[in-house]
Amino acid sequence: MLQKPRGTRDFLPDEMERRRLIEGRMREAVRRWGYREVCTPDFEHLELFTMKSGEGIIQEMYTFEDKGGRQMTLRPEVTAAVLRMYVNEGKVLPKPIRWCYFADCFRYERPQKGRYRQFWQFGVELIGADTASADAEVIMLADEALQSSGVTFDLHVGHLAPMKHLLSDLSPEDQRMIMACLDKRDQNALSAALEGRGLTHLTEPLAALSECQTVAEVFEIAGDVPERARIEETFALLDSQGIEYRPDFGIARGLDYYTGMVFEGFARNLGAENQILGGGTYRLAHLFGGDDVASCGFAIGFDRVMVSIGDFPLELGTVVGVVCTPEARERALEVARAFRNAGVRTEVDLMGRGMGAQIAHAAKAADFAVVLGKREVDAGTVTLKDLHTGEQQEKSLEEAIAEVARHGDR
Ligand code: HAM
């Protein structure tokens, strides 16, 4: 028996319905803030992601050479692709541009619960607004989109400036190495990296930075930074709107393109793979031939949200099974069409089963059987059988549809 590739999943109808329901709630949340959906290709030129995504992601990419000898890759994330699209198609649009997406991404990671090789991101990119209000909008929207899904989570908000200020004497390579350890929250690797480079004097301030409870403490540890006013304004806006978050200036983010404000979300009931949200401000467009435009966005790890929420009962709506004798088949198709036109999910026997077997089958999956034999065809009626109570009555098609609709309203 052939198996699906490692790190991928099949989704059965119940799971797909749950996913679509939650996706729909997130879509509705961002729509209300004016974000409109865009779509980019599943694969891109490799260099789009090697320019500024960072070592971690580059090593995990599904790269291939196409028949024309071009180096291509399945997208490991969507932000770079959306900014490429902005440079190609969107430069003339009035700013700020508010775009959202729901897209699958591919990373060759070691699979485990909540970590897959194909996974879906629900995200937004706000392009062309370089203000604390823009930063705050994206954070508030991430919070609202996650709230709409029903997941319980902790929101952490920080800024890269204080940490970069602490590390400013280090070479870019050392900075990147230390930020990568911080991003993975790998304390052992961090200690080893600091010791190996004779930087143990940074151990304490880095730990203190991660533990700061207030913005004021951050500047006591890291010193004043030019971004201070912007950081304070962003946090004040979040506070004014009652957003629940924790200041976290230990956030480093795994992707290299972030420039300032950064934030992450963690599902409370998940273990190792509990990060369900990542985002921040960044600049990418100038690398792709566009203007040096400030952008800000986030991506929600949709699959992790689904793991966190778990299975929940679905409302499948009323189901009708049309049951008929061979002579009544054409009438059965007409009747089924009338129920469907009224918005009712309606299934007709396709297996050539006898009447008894058809009713038994309908009883497994439907709420009502609509029975059509010679008598009903001649009289222009249907027999409606409530499969929950066993009650049945012959009536006009219109009455039957009305009764099924009433059942749906209960
Ligand atoms: P990211 O943190 O790399 O950010 O990914 C966003 C989210 O995708 C993560 O927080 C996580 O929930 C989910 N995720 C990542 N890898 C996997 C995986 N292997 N399996 C399941 N879920 C995964 C970005 O991708 C940025 N583009 C976010 C962004 C948008 N920044 C600005 N705009």
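Residues numbered from 1 in each chain as written. Predicted model: local features only at pLDDT ≥ 70, side-chain atom pairs only at ≥ 80, totals over all residues. Heavy atoms only, no water.

1. Quick notes on the sheet that holds strand 3 (residues 63-65)
Item 1. Pairing within the open sheet is antiparallel, and its three strands lie in the order 2-4-3. Of all the strands in the sheet, the pair left with one neighbour each is strand 2 (43-45) and strand 3. Within this sheet the neighbouring strands show an average axis-to-axis angle of 35°, counted without direction. (Pairing = 2+ DSSP bridges. Helix = DSSP H or I, 4+ residues; strand = E, 2+ residues; numbered from the N terminus. Axes fitted to C-alpha atoms, helices over the stretch in contact; angles between N-to-C directions.)

2. Regarding the sheet that holds strand 1 (residues 36-37)
Item 1. Within the open sheet, the eight strands sit side by side as 1-5-6-11-10-9-7-8. Their pairing is mixed. The open sheet has two edge strands with one neighbour each: strand 1 and strand 8 (246-247).
Item 2. Direction of pairing for strand 5 (residues 97-106) relative to strand 6 (residues 118-127): antiparallel, over a ladder of ten bridges. Following the sheet pairing, Ile97 is matched in strand 6 by Ile127.
Item 3. This element, helix 12 (residues 302-309), spans strand 5, strand 6, strand 9 (258-267), strand 10 (275-282) and strand 11 (295-301) of the sheet and lies at about 45° to strand 11. (Contact = heavy atoms within 4.5 Å.)

3. Digging into the site of the ligand
Item 1. For the ligand, the set of nearby residues contains 26 residues, the closest of which are Glu77, Thr79, Glu109, Tyr258 and Gln275.
Item 2. At 3.0 Å from an oxygen atom of the ligand is found a side-chain nitrogen or oxygen belonging to Arg253.
Item 3. The contact in question runs from a nitrogen atom of the ligand to an N or O atom on the side chain of Tyr258, over 2.6 Å.
Item 4. Expressed as a share of its isolated accessible area of 660 Å², the protein-covered part of the ligand is 96%.
Item 5. Where the shell around the ligand is concerned, the elements lending two or more residues are strand 6, strand 10 and strand 11.
Item 6. Examining the composition of the shell around the ligand, we find that six residues originate from one element, strand 10, more than from any other.
Item 7. Residues of the shell around the ligand, tallied by class, amount to eleven nonpolar, eight polar and seven charged. (Near = heavy atom within 4 Å. Polar contact = N/O pair within 3.5 Å; in protein donor to acceptor, adjacent residues only side chain to side chain. Areas by Shrake-Rupley, 256 points an atom, 1.4 Å probe, with all protein chains shown as cover. Nonpolar A, V, L, I, M, F, W, Y, C, P; charged D, E, K, R; others polar.)

4. Side note on the pattern of salt bridges
Item 1. Taken as a whole and assessed by the stated rule, the structure comprises 37 salt bridges.
Item 2. The salt bridge partner of Arg345 is Glu347, with a shortest N-O separation of 3.3 Å.
Item 3. Given the relative accessible area of 38%, Arg345 is considered partly exposed.
Item 4. The partly exposed category is assigned to Glu347, whose relative accessible area is 37%.
Item 5. Residues Arg375 and Glu376 are paired through a salt bridge, measuring 3.6 Å at the closest nitrogen-oxygen approach. (Salt bridge = Lys/Arg side-chain N within 4 Å of Asp/Glu carboxyl O. Buried < 20%, exposed > 50% of the residue type's maximum accessible area, 1.4 Å probe, protein only.)

5. Here we look at the packing of helix 5 (residues 132-149) against helix 11 (residues 228-240)
Item 1. The contact between helix 5 and helix 11 brings their axes to 9 Å, and the two run at 45°. Taken together, the axes of helix 5 and helix 11 are oblique relative to one another. Handedness of the crossing formed by helix 5 with helix 11: right-handed. Where helix 5 approaches helix 11, its residues Ala132, Ser133, Asp135, Ala136, Ile139 and Met140 are matched on the opposing element by Arg230, Glu233, Thr234, Leu237 and Leu238.
Item 2. Its residues assigned to classes, the contact of helix 5 with helix 11 comprises six nonpolar, two polar and three charged. (Parallel < 35°, antiparallel > 145°, perpendicular 65-115°, else oblique. Left-handed = near helix turned anticlockwise from the far one by under 90°.)

6. Brief notes about unusual backbone geometry
Item 1. Look at the link from Lys95 to Pro96: it is a cis peptide, with omega at 5°.
Item 2. In this structure, Arg185 is a non-glycine residue whose phi angle is positive, near 55°.
Item 3. Considering the arrangement of structural elements, one finds Arg185 in the loop between helix 7 (172-184) and helix 8 (187-196).

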